[in-house]
Amino acid sequence: MNVVQHYNKMEAGLVGFEGEISPVYASVAHGQLTPLQINALAITCKTFFQQDYIKISPNLNIKLGDIAVAHQNELSNYLMSYKLFFINTDITIPYDRAYDAIDENEKIILVNIPQGKLHVKQLYGLAVLLRLENVLDIHLINDRGFLFMHDVGGRIDVLQQGIEELGFQLQAVI
């Protein structure tokens with residue numbers, strides 16, 4: 001292995017030789033995921049990685065797995081079609097924070113992800129629950145949790161049951 005190959009493998013996380021594999025992360029703007037993006041991540045898990053879960057990294061990127069360099073363009077194009085960005089190293093990407101205005105009827109729902117793993121079934125279920133509850137997006141807050149704004153209007157028990165049935169823990173309603 002020459003110096004360039006060593007740097008690419010050890011530092012950049014990507015080696016441009018056929019057959020080599022490298023880690024793949026999806027980065028999302030502002031740490032926000034829409035139901036459509038959540039569904040796309042579930043499909044990505046099954047289609048490209050044949051695994052049943054993903055993890056959120058400490059830098060709020062989504063660790064998808066390792067993939068052969070030869071398939072990275074196809075995966076990158078798929079992710080980009082859902083406004084998910086393909087990166088090879090778990091780095092913090094600075095964003096200009098977009099703050100959503102909170103309506104007086106809305107509450108912030110804080111959800112914990114047990115073991116920090118998002119299973120494919122949970123991803124599909126979460127996308128459906130968010131659509132049914134008219135939630136535009138979730139905000140990743142760390143590698144074990146997310147939050148979203150929702151007008152619960154007396155339906156907190158229904159929302160809590162849906163969240164718990166998916167295997168998440170409702171941590172707080174603020």
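Bear in mind the structure is a predicted one, so any value in this text is a computation, not a measurement. (Residues numbered from 1 in each chain as written. Predicted model: local features only at pLDDT ≥ 70, side-chain atom pairs only at ≥ 80, totals over all residues. Heavy atoms only, no water.)

## A word on the confidence of the model for the protein
Thinking step 1. For the protein, per-residue confidence averages 85 on the pLDDT scale, and 84% of positions sit at 70 or higher.
Thinking step 2. The least confident element of the protein, judged by mean pLDDT, is helix α1 (residues 3-12) at 43; the most confident is helix α4 (residues 120-132) at 96.
Thinking step 3. Here residues 1-16 is modelled with pLDDT under 50, and outside its nearest four sequence neighbours on either side it reaches 25 contacts, counting other chains as well. (pLDDT = per-residue confidence, 0-100. Helix = DSSP H or I, 4+ residues; strand = E, 2+ residues; numbered from the N terminus. Contact = heavy atoms within 4.5 Å.)

## A few points about helix α3 (residues 72-80)
Thinking step 1. Burial in α3 covers these residues: Q72, L75, S76 and L79. Mapping the buried residues of α3 onto a view down its axis gives an arc of 100°, with all of them on the same face. Exposed residues pointing more than 90 degrees away from the buried face of α3 are listed as N73, E74 and N77.
Thinking step 2. Elements that come into contact with the buried residues of α3 comprise β1 (21-28), α2 (35-49), β4 (62-68) and β5 (84-87). (Buried < 20%, exposed > 50% of the residue type's maximum accessible area, 1.4 Å probe, protein only. Arc of directions from axis to C-beta.)

## Side note on the packing of α2 against α3
Thinking step 1. Where α2 meets α3, the closest approach of the two axes is 11 Å, and the angle between their N-to-C directions is 165°. Comparing the axis directions of α2 and α3 gives the class roughly antiparallel. Like other packed secondary-structure pairs, α2 and α3 cross with a definite hand, here right-handed. On the side of α2, the interface is formed by A40, I43, T44, F48 and F49, while α3 contributes E74, L75, Y78 and L79.
Thinking step 2. Here the contact of α2 with α3 is built from residues that sort into seven nonpolar, one polar and one charged. (Axes fitted to C-alpha atoms, helices over the stretch in contact; angles between N-to-C directions. Parallel < 35°, antiparallel > 145°, perpendicular 65-115°, else oblique. Left-handed = near helix turned anticlockwise from the far one by under 90°. Nonpolar A, V, L, I, M, F, W, Y, C, P; charged D, E, K, R; others polar.)

## Section: the packing of aromatic side chains
Thinking step 1. With the rule as written, the count across this model stands at four aromatic pairs.
Thinking step 2. Relative to F148, the ring of F146 has its centre 6.5 Å away and its plane inclined at 25°; by these criteria the two rings are stacked. For the pair formed by F146 and F148, the shared burial category is buried.
Thinking step 3. Seen from their ring centres, F146 and F168 are 5.6 Å apart, and the 90° between their planes marks the pair as edge-to-face. Placement of F146 in strand β9 (residues 145-150) and of F168 in the loop between α5 (156-165) and β10 (169-173) is noted, with a sequence separation of 22 residues between them.
Thinking step 4. When its relative accessible area of 2% is taken as the criterion, F146 is described as buried.
Thinking step 5. Among the aromatic residues, those joined into a cluster by ring pairs are F48, Y78 and Y82. (Phe/Tyr/Trp six-rings, centres within 6.5 Å; stacked < 30°, edge-to-face > 60°.)

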